[in-house]
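A look at the structure
The chain contents come next:
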Amino acid sequence: MTPEKLCELAIEAMSHAYVPYSGYKVGAALLCADGTVYQGCNIENAAYGPTNCAERTAFFKAVYDGYRDFTAIAVCGGKDGVITGPFPPCGVCRQVMREFCDDDFVIYMVDAGGKYESHTLSEILPHSFSAKKHMA
Ligand code: THU
């Protein structure tokens, strides 16, 4: 699985978004250690708070199916699905990544025109709290 292909799968996942309130579509493609890919989209709610981000949709689908080892995630988003810049996952999603992933887990922030930025989890969530580090 190449980063480019994972980014394409994130872009495809945006078309599944349920976003009647914001119109802001987000797509994610989560790469498991064995090469399996789980896609996710954001799913909004009239009460706003229960909205689930695309990254967490992908993680929760994978975890339900028994996956626990993850290599990378590609994420993209934009109003009406139009990408205008690299997409940075929200803080809640970064913490969910922390639950299952090591410092070297890679986040591809998908940009327009086939571009993307690449960061590790330790870069985007420094000084983080994790079960492995703090509850062992
Ligand atoms: N959203 C995501 O899906 N992922 C993020 O990391 C940040 C925000 C969604 C939630 C909401 O449906 C829309 O983007 C606007 O905030």
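Before reading further, recall that the structure is shown in the block above.
These notes cover the structure that comes with them. (Residues numbered from 1 in each chain as written. Predicted model: local features only at pLDDT ≥ 70, side-chain atom pairs only at ≥ 80, totals over all residues. Heavy atoms only, no water.)

**Considerations on the side chain of Ser130**
Along the chain, Ser130 turns up in the loop between α4 (121–124) and α5 (131–134). According to the relative accessible area criterion, Ser130 is buried, its value standing at 6%. Of note is the side chain of Ser130, whose polar atom sits 3.2 Å from the backbone nitrogen of Lys133. Once residues within four sequence positions are removed from consideration, Ser130 is found in contact with Arg98 and Met135. (Helix = DSSP H or I, 4+ residues; strand = E, 2+ residues; numbered from the N terminus. Buried < 20%, exposed > 50% of the residue type's maximum accessible area, 1.4 Å probe, protein only. Polar contact = N/O pair within 3.5 Å; in protein donor to acceptor, adjacent residues only side chain to side chain. Contact = heavy atoms within 4.5 Å.)

**Examining the nonpolar core**
In terms of nonpolar packing, the biggest core is built from 23 residues, with Leu30, Phe59, Phe70, Ile73, Phe105, Ile107 and Leu121 touching the most fellow members. Mapped by element, the contributors of at least two residues to this core are β1 (24–32), α2 (54–64), β3 (70–79), α3 (91–100), β4 (106–110) and α4. Broken down by element, the residue count for this core peaks at five residues, all from α2. Other than its neighbours up to four places away in sequence, Phe105 contacts Leu30, Phe59, Phe70, Thr71, Ala72, Ile73, Met97, His119, Thr120 and Leu121. Formed by 14 residues, the second largest nonpolar core is a distinct cluster that contains Cys7, Met14, Ala29 and Ala72. (Core = buried A, V, L, I, M, F, W, Y, C linked by side-chain atoms within 4.5 Å.)

**Describing the pairing of β3**
Counting buried positions along β3 gives eight out of ten residues, so the element sits mostly inside the fold. Bridge count for β1 against β3 is nine bridges, and the pairing is antiparallel. Residue pairing across strands places Ala29 opposite Ala74, the latter belonging to β3. One ladder, built from four bridges, connects β3 with β4; its direction is parallel. From the neighbouring strand, Ala72 faces β4, where its bridge partner is Val106. Chirality of the crossover, the property in question, places the unit of β3, α3 and β4 among those that are right-handed. (Pairing = 2+ DSSP bridges. Right-handed = clockwise from strand over helix to strand, strands pointing away.)

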